[in-house]
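# A closer look at the structure
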Amino acid sequence: MSRPEDTPTRIAFTVEDLTVAYQGKPALWDIDLRVPEGVLMGVIGPNGAGKSTLIKAALDLVPRAAGTVRFYGQTYRQARRLVGYVPQRGSVDWDFPTSVIDVVMMGLYGRLGWLRRPGRAERDAAFAALEQVDLVKFADRQISQLSGGQQQRTFLARALVQDAEIYFMDEPFAAVDAVTERAIVEILRELRGRGKTVIVVHHDLQTVKDYFDRVTLLNVALIASGETGQTFTAQNLKAAYGGRVSYMADSEQGGDDDNDVMLVGD
Amino acid sequence: MSRFKAADRRIWLLIAVMALLALLFVPFSQHALGVEYDYTLQTVALGGVLLGILSGVVGCFAVLRQQSLIGDALSHAALPGVGVAFLLAGRDAGALLIGAGVAAWLGVAFINALTATTRIKSDSAMGIVLAAWFGAGIALLTFIQSSPDASQAGLSRFIFGQAAAIVRADVVLIAQVGAVVLGVIALFWKEFKLIAFDAPFADALGLRANLVGALLATITVVTVVLGLQLAGVVLMVGLLVAPGIAARQWTHKLNQMVILAAVFGAFGGGVGAVLSAVQANLPTGPMIIVVLSLLVFISMSLAPGRGLIWAYLRRRRDHQRFAYMREHDIDVRP
Ligand SMILES: Nc1ncnc2c1ncn2[C@@H]1O[C@H](COP(=O)(O)OP(=O)(O)OP(=O)(O)O)[C@@H](O)[C@H]1O
Ligand SMILES: [Mg+2]
């Protein structure tokens, strides 16, 4: 599945002049973005920066006031099958009467199309996805009886079963423990290894360098987007978060990233 | 796995208990209340049962979408339609139903327009429409009552419901339309389930949530309009959502919840209709609500897993068991 070195990287996801407004108030302002294929990209920015809105506008879930969004050159309507989506975990009612395996199979409803019911093949695919997120023994568990981390992995499995080329994940690490976070990161890396493009809304600045090879900083307007090394800088962070975050980069050589310090305060 | 099998058995047991209760209710009502199951009452009871099934099933989705109030808004919004239809077409039952349906539909459209174009939240929008439409309806009906036309008497039954007014033709209509509504639900089961759980995801997949939602709203309007003469506009929402709320307590599976809601709805609708027939002019809506509220109350207290009594017993048992284990140094940690 690995690409030959000399093939130029294709652009998986393109945003041009995107503006989104809620009731006349812009949540995203004139965003331009190009995301190459096969990368793991973090989207960071403060609360209310428009990170979720960016995903929703990309997937036609909120109307765009201006601009275009393309997936391998196609509109979302044309490229629907190429796109997988993990919404913010809090966006649904986890007391809904259904089981883990049923939720995962929902990822296949699009491919099934109108009226057709999921059957044997869909069940098998869902189990395979549950295997990846290590939830097989919870398959028949009611979703109201899951922990936050298990809910998150259920949503991840639902996206995996979509077998997409480009994934959008809204805070997949929210409220998961360190072990689960590691496991999810491994899954994301594995997706990248298979040439998929994964775009992840992320809040923990400490782990950005470790997890993502590209990063987009957002605060209504686009602050910066590019390779993590050049983009995840104190200056850009300051621009995105205002004076509220100061970033003191590790001055030593030797790649001991754990020494990077993030001070959050007013 | 065996735990789920046991849970499934419990649902069947519960359905059997409800059937038994319904069977016992017949001789009870004959002897204690002096009800006579003549042709008229059979018709009324059958109408109540069928409407209960229909509302129970349709109402589950309103409950799960946390839109219980939509049923209330819909039924109240139907009232001015009844008044207008009466002024235009007189007592014709079909015209009254169509008027009710159109008015309810306009109410929904207005709610959607309000929430889409203003900052008003959907529950407030429903409240506004509910109050405005109902007020207009009451004013209209009062005007009609005061007019010299002698044939207006039948309209007040739309406010609190009057099962006794149900005739054979109504039951046939309910059965036919009900079959279509249930067929739609069976057909669009997957889509209804998805938009009830995660509407944006349905949109992302191309299963357009607003279309599916409109279909769901349409069958809800149809159900409410059919149910009006049984339960009345004021209490129709109870017939719609109470069976679903009660059923939700007993199961974690959507299909079981819907089946149970149908059973509870049938019981509430049937028993309520018969009880209101005991005495002339006893409104049916309040009777149905009394029966259904009882079912909701019992379900909330008794249902395994969620019920209050159950939760209390389990807490006590755990407390005793773990105290014993700590005392005897039995380690049960996973
Ligand atoms: N449905 C909506 N109606 C009105 N305003 C909205 C709506 N959704 C979001 N907004 C506003 O748009 C802005 C961007 O919201 P968005 O959810 O995209 O932020 P975010 O970056 O995802 O924040 P968070 O980190 O809290 O998830 C916020 O100011 C928010 O209040
Ligand atoms: Mg967000």
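Structure first, text after, so check above.
Residues numbered from 1 in each chain as written. Chains lettered and ligands numbered in written order. Predicted model: local features only at pLDDT ≥ 70, side-chain atom pairs only at ≥ 80, totals over all residues. Heavy atoms only, no water.

### A few points about the side chain of Lys-51 of chain A
Residue and element names in this part refer to chain A. For clarity, the threshold we go by: Each helix is a run of DSSP H or I of at least 4 residues and each strand a run of E of at least 2, with the numbering of both proceeding from the N terminus. Residue burial is assigned from relative accessible area. The probe radius is 1.4 Å, only protein chains are included, and a residue is buried under 20% of its type maximum, exposed over 50%, and partly exposed in between. Positive charges come from Lys and Arg alone, negative charges from Asp and Glu alone, with His and the N- and C-terminal ends not counted. Any Lys or Arg side-chain nitrogen located within 4 Å of an Asp or Glu carboxyl oxygen qualifies as a salt bridge. Only heavy atoms enter the contact rule, under which two residues are in contact if any of them lie within 4.5 Å.
Inspection of the secondary structure assignment puts Lys-51 in helix H1 (residues 51-58). No salt bridge is formed by the buried Lys-51, whose closest oppositely charged neighbour, Glu-171, lies at an N-O distance of 5.2 Å. Not counting the four nearest positions on each side in its chain, Lys-51 is found in contact with Val-43, Ile-44, Gly-45, Pro-46, Val-201, His-203 and Leu-218.

### Thoughts on the side chain of Ser-52 of chain A
The test is simple: Two N or O atoms count as a polar contact when they lie within 3.5 Å, although within protein this holds only if one can serve as hydrogen donor and the other as acceptor, and sequence-adjacent residues are included solely when both atoms are side-chain atoms.
Within the secondary structure layout, Ser-52 of chain A lies in helix H1. Engagement of the side chain of Ser-52 of chain A in a polar contact is seen with the side chain of Asp-170 of chain A, the distance being 2.7 Å.

### Side note on the site of ligand 1
All names here are of chain A. Quick note on the threshold: Definition of nearness: a residue and a molecule or strand are near each other if at least one heavy atom of the residue lies within 4 Å of the molecule or strand. Each accessible area is a Shrake-Rupley result for a 1.4 Å probe, and residues are judged covered by the shown protein chains and nothing else. Note on residue categories: nonpolar means Ala, Val, Leu, Ile, Met, Phe, Trp, Tyr, Cys or Pro, charged means Asp, Glu, Lys or Arg, and polar means any other residue, Gly included.
Taken together, 14 residues lie around ligand 1, and Asn-47, Gly-48, Lys-51, Ser-52 and Thr-53 are the ones closest in. Side-chain polar atom of Lys-51 to an oxygen atom of ligand 1: 2.8 Å apart, as the coordinates give it. Contact between ligand 1 and Thr-53: an oxygen atom at 2.4 Å from a side-chain N or O atom of the residue. When the free accessible area of ligand 1 is taken as 630 Å², the share hidden by the protein chains comes to 63%. When residues in the shell around ligand 1 are grouped by element, the largest group, three residues, is from H1. Residue composition of the shell around ligand 1, by class: four nonpolar, eight polar and two charged.

### Quick word on unusual backbone geometry
Residues and elements named next belong to chain A. The backbone of Leu-115 sits at a positive phi, close to 70 degrees, despite the residue not being glycine. Along the chain, Leu-115 turns up in the loop between helix H4 (109-112) and helix H5 (120-132). The backbone of Asp-134 sits at a positive phi, close to 60 degrees, despite the residue not being glycine. By the secondary structure assignment, Asp-134 is in the loop between H5 and helix H6 (148-160). Taking relative accessible area as the criterion, Asp-134 reaches 55% and is therefore assigned exposed.

### Description of the packing of aromatic side chains
Going by this rule: Stacked, edge-to-face and tilted labels apply to pairs of Phe, Tyr and Trp rings (six-membered ring for Trp) whose centres lie within 6.5 Å, assigned for plane angles under 30 degrees, over 60, and everything in between, in that order. Counted as over-ring charges are cases with an Arg CZ or a Lys NZ within 6 Å of the ring centre that also lie within 35 degrees of the ring normal.
Tallying each qualifying case throughout the model produces 15 aromatic pairs over all chains. Ring centres of Phe-61 of chain B and Phe-192 of chain B lie 5.6 Å apart, and the angle between their planes is 65 degrees; on these two criteria the pair is classed as edge-to-face. Taken as a pair, Phe-61 of chain B in helix H2 (residues 39-64) and Phe-192 of chain B in helix H8 (residues 189-205) lie far apart in primary sequence, 131 residues in all. Here Phe-61 of chain B matches Phe-192 of chain B in class, with each residue buried. Here the aromatic residues Trp-114 of chain A together with Phe-61, Phe-188, Trp-189 and Phe-192 of chain B are joined through ring pairs into a cluster of three or more. For the cation-ring pair, Arg-158 of chain A lies above Phe-201 of chain B, with the distance from its terminal atom to the ring centre recorded as 3.4 Å. Lying across the ring of Tyr-109 of chain A, Lys-190 of chain B places its NZ or CZ 5.5 Å from the centre.

### Some words on the packing of helix H3 (residues 68-89) of chain B against helix H9 (residues 209-250) of chain B
All names here are of chain B. Keep this limit in mind: Helix axes use the C-alpha atoms of the stretch in contact, all axes being lines fitted to C-alpha atoms, and the angles between their N-to-C directions lie in the range 0 to 180 degrees. Put simply, angles under 35 degrees are roughly parallel, angles over 145 are roughly antiparallel, angles from 65 to 115 are roughly perpendicular, and the rest are oblique.
The N-to-C vectors of H3 and H9 enclose an angle of 105 degrees; their axes lie 8 Å apart at closest approach. Comparing the axis directions of H3 and H9 gives the class roughly perpendicular. For the pair H3 and H9, the contacting residues are Ser-68, Gly-71, Asp-72, Leu-74, Ser-75, His-76, Ala-78 and Leu-79 in the first and Thr-220, Val-221, Val-224, Leu-228, Val-233, Val-234, Met-236, Val-237, Leu-240 and Val-241 in the second. Looking at the contact of H3 with H9, its residues break down into twelve nonpolar, five polar and one charged.

### A look at a nonpolar patch on the surface
All names here are of chain B. Selection criterion: A patch consists of residues whose relative accessible area exceeds 30% and which take part in no salt bridge; residues with like charges are grouped when within 9 Å of each other, and nonpolar side chains (Val, Leu, Ile, Met, Phe, Trp, Tyr) when within 5 Å.
Together, Leu-294, Phe-297, Ile-298, Leu-302, Ile-309, Tyr-312 and Leu-313 make up an exposed nonpolar region whose accessible area comes to about 700 Å². Within the residue set of the nonpolar patch, elements represented by two or more residues are helix H11 (284-302) and helix H12 (308-327). The greatest single-element share of the nonpolar patch, amounting to four residues, is contributed by H11. As for its position among the elements, Leu-313 is in helix H12.

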